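The primary structure of each chain is shown beneath.
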Amino acid sequence: MRDTHRRWATPIVLCAVSLLAGCGGDVPDVADGAPPQIALVMKSLANEFFETMAEGARVHHEAHADEYDLIVNGTRNESDLAQQVALVEQMVASGSDAIVIAPADSKALAPALARAQAAGVVVVNIDNRLDAEVAAEAGLDAPFVGPDNRDGARRVGEVLAQRLAPGDQVAIVGGIPTAFNAQQRQAGFEDAMEAAGAEVVDVQSGGWEQAQANTVAAAMLREYPDLRALLCANDNMALGALAARRQSGRDDVLIVGFDNIDAVAELVAQGEILATADQHADRLAVFGIEAALEILSGGEAYDRQTPVDVIAAPD
């Protein structure tokens with residue numbers, strides 16, 4: 001275990017980057033033999049998916065409070081790369097023994113995480129896989145614990161394909177282009193549409209954000225009067241696309257998402273959104289924490305695939 005000289009005063013701190021000054025500060029030393037400190041670093045805590053992830057980690061920690069201390073952090077929005085880098089650096093400075101991170105970008109976080117690993121911190125990558133080439137160049141060797149995003153998106157696309165005819169026009173509202181999970185979900189959607197003979201007429205980034213996706217989807221609906229479906233790379237963007245569809249009056253346009261947040265689960269049950277993928281946000285961080293604890297206790301670091309289930313509207 002890494003030799004830590006400073007600890008946080010409480011076993012779990014939930015904060016956004018804008019509040020970090022209030023979350024840190026002077027903290028008391030903890031005697032040798034204290035449980036390891038694990039930092040969970042996520043993306044936007046305004047996204048219900050990451051709120052659920054944080055809650056799952058908190059519940060797990062409460063059941064294993066004697067085994068580790070937990071700090072939970074997130075950024076203000078999905079694209080706060082500089083703030084997520086700052087979070088990683090602060091977690092190293094605070095004496096964390098392990099960082100479990102859902103990186104906002106598959107490339108930009110690799111150097112900071114490599115520095116953390118070089119300082120003796122265990123790094124576990126969850127949710128969005130780091131770019132292998134960039135990580136290798138930075139000297140980072142971190143296991144990935146997360147879902148097969150391409151397969152999950154393909155299976156969501158296959159649900160949509162059952163409602164399409166060959167030649168139907170569809171469009172993809174993607175995530176941040178430099179994020180591996182965004183790339184994989186787009187590829188999975190394209191796999192399913194190619195197999196169905198549907199035509200992907202447009203692909204644009206919605207930046208993982210509801211408002212941005214609303215703007216993108218509205219423009220797509222105006223530009224393509226024959227559009228039959230919008231495939232959204234996460235549920236926040238599916239909500240934005242749904243709002244655009246309602247405003248346009250295009251009730252014939254089908255929408256699918258990815259994440260199975262509560263708001264979308266209800267809409268899927270009602271048939272307003274056709275399908276989504278449940279990658280079990282409440283368990284995803286826990287899988288990463290358990291991997292970190294195993295490595296800290298001398299276990300081997302290796303990639304681990306986590307489950308994804310497709311949730312579809314009733315017939």
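Novice: Can you break down the pairing of strand 2 (residues 37-44) residue by residue, with the values?
Specialist: For a regular strand, side chains alternate in direction, first toward one face of the sheet and then toward the other. Within strand 2, 8 of the 8 residues are buried, which leaves it mostly tucked inside the rest of the structure. Here strand 2 pairs with strand 3 (residues 69-75) via 6 bridges, running parallel. From the neighbouring strand, Leu40 faces strand 3, where its bridge partner is Val72. Of the crossover connections in this fold, the one passing from strand 2 over helix 2 (residues 48-63) to the parallel strand 3 is right-handed. As paired elements, strand 2 and strand 4 (residues 98-101) share 4 bridges and run parallel to each other.

Novice: Describe the nonpolar core, naming the residues involved and giving the relevant values.
Specialist: As a rule of thumb, nonpolar side chains are buried together in soluble globular proteins. Formed by 80 residues in total, the largest nonpolar core has its most connected members in Leu40, Val124, Ile126, Leu160 and Leu230. Element by element, the count of residues in this core is highest for helix 11 (residues 281-296), at 9 residues. Beyond its immediate sequence surroundings of up to four residues, Ile126 is in contact with Leu40, Met53, Val100, Ile101, Ala102, Pro103, Phe144, Val145, Leu284, Ala285 and Gly288. Counting 20 residues, the second largest nonpolar core, distinct from the first, contains Ala39, Leu87, Met91 and Ile101.

Novice: Help me get a handle on the pattern of salt bridges, residues and values and all.
Specialist: In the structure shown here, the tally under the stated rule is 14 salt bridges. Note that Asp303 and Arg129 form a salt bridge whose closest N and O atoms lie 3.2 Å from each other. Here the residue Asp303 occupies a position in the loop between helix 11 and strand 12 (304-305), and Arg129 occupies one in the loop between strand 5 (122-126) and helix 5 (132-138), the gap between them amounting to 174 residues. Here Arg129 falls in the partly exposed class, since its relative accessible area comes to 30%. A salt bridge links Arg150 to Asp191; its shortest N-O distance comes to 2.7 Å. Of this pair, Arg150 sits in helix 6 (residues 149-161) while Asp191 sits in helix 7 (residues 180-196), placing them 41 residues apart in sequence.

Novice: So what's going on with helix 7? Which residues, and what values?
Specialist: Between its first and last C-alpha atoms helix 7 spans 24 Å; for 17 residues at 1.5 Å apiece the expected length is 24 Å, and the two agree. The inward-facing, buried residues of helix 7 contact strand 2, helix 6, strand 7 (169-174), strand 8 (199-205), strand 9 (227-232) and strand 10 (254-256).

Novice: Would you mind going over the packing of aromatic side chains in detail, with residue names and values included?
Specialist: If you walk through the whole model with that rule in mind, you get 1 aromatic pair. Between Phe49 and Phe50 the ring centres are 5.1 Å apart and the planes differ by 90°, which places this aromatic pair in the edge-to-face class. Exposure class is identical for Phe49 and Phe50. Each is buried. One residue, Arg185, lies across the ring of Phe258, its end atom 3.9 Å from the ring centre. Sitting over the ring of Tyr302, Arg304 keeps its end group 4.0 Å from the ring centre.

Novice: Explain the confidence of the model for the protein chain residue by residue, including any values.
Specialist: Per-residue confidence for the protein chain gives a mean pLDDT of 90, with 90% of residues at or over 70. Segment residues 3-31 is flagged for pLDDT under 50; beyond a separation of four residues in sequence, or across chains, it makes 61 contacts in the model.

Novice: An account of the side chain of Gln279 is requested, with residue identities and associated values reported.
Specialist: Here Gln279 is to be found in the loop between strand 11 (275-278) and helix 11. Polar contacts involving the side chain of Gln279 include one to the side chain of Asp259, which spans 2.8 Å. Residues in contact with Gln279, not counting those within four places in the same chain, are Phe49, Asp127, Pro147, Arg185, Phe258, Asp259, Leu284, Pro307 and Val308.

Novice: Tell me what's going on with the packing of helix 8 (residues 210-223) against helix 9 (residues 235-248), and back it up with residues and numbers.
Specialist: For the pair helix 8 and helix 9, interaxial distance at closest approach is 7 Å and the crossing angle is 45°. Considering their axes alone, helix 8 and helix 9 lie oblique with respect to each other. Crossing hand, helix 8 versus helix 9: right-handed. Across the interface between the two elements, Gln210, Ala213, Asn214, Ala217, Ala218 and Leu221 from helix 8 touch Asn236, Met237, Leu239, Gly240, Ala241, Ala243, Ala244, Arg245 and Ser248 from helix 9. Among the residues forming the contact of helix 8 with helix 9, the class breakdown is 9 nonpolar, 5 polar and 1 charged.

Novice: Describe the environment of Ala213, with residues and values.
Specialist: Its place among the elements puts Ala213 in helix 8. A relative accessible area of 0% places Ala213 in the buried class. Separated by 23 residues in sequence, Ala213 and Asn236 have C-alpha atoms that sit 8.2 Å apart. In this structure Ala213 touches Val173, Gly206, Met237 and Gly240, once residues within four positions along its chain are discounted.

Novice: Tell me about the side chain of Ser94, and please be specific about residues and values.
Specialist: Secondary-structure assignment places Ser94 in the loop between helix 3 (81-93) and strand 4. A distance of 3.3 Å separates polar atoms of two side chains, one belonging to Ser94 and the other to Gln37.

Cut-offs and rules
- Residues numbered from 1 in each chain as written.
- Predicted model: local features only at pLDDT ≥ 70, side-chain atom pairs only at ≥ 80, totals over all residues.
- Heavy atoms only, no water.
- Buried < 20%, exposed > 50% of the residue type's maximum accessible area, 1.4 Å probe, protein only.
- Helix = DSSP H or I, 4+ residues; strand = E, 2+ residues; numbered from the N terminus.
- Pairing = 2+ DSSP bridges.
- Right-handed = clockwise from strand over helix to strand, strands pointing away.
- Core = buried A, V, L, I, M, F, W, Y, C linked by side-chain atoms within 4.5 Å.
- Contact = heavy atoms within 4.5 Å.
- Salt bridge = Lys/Arg side-chain N within 4 Å of Asp/Glu carboxyl O.
- Expected span 1.5 Å × (residues − 1).
- Phe/Tyr/Trp six-rings, centres within 6.5 Å; stacked < 30°, edge-to-face > 60°.
- Lys NZ or Arg CZ within 6 Å of the ring centre and 35° of its normal.
- pLDDT = per-residue confidence, 0-100.
- Polar contact = N/O pair within 3.5 Å; in protein donor to acceptor, adjacent residues only side chain to side chain.
- Axes fitted to C-alpha atoms, helices over the stretch in contact; angles between N-to-C directions.
- Parallel < 35°, antiparallel > 145°, perpendicular 65-115°, else oblique.
- Left-handed = near helix turned anticlockwise from the far one by under 90°.
- Nonpolar A, V, L, I, M, F, W, Y, C, P; charged D, E, K, R; others polar.

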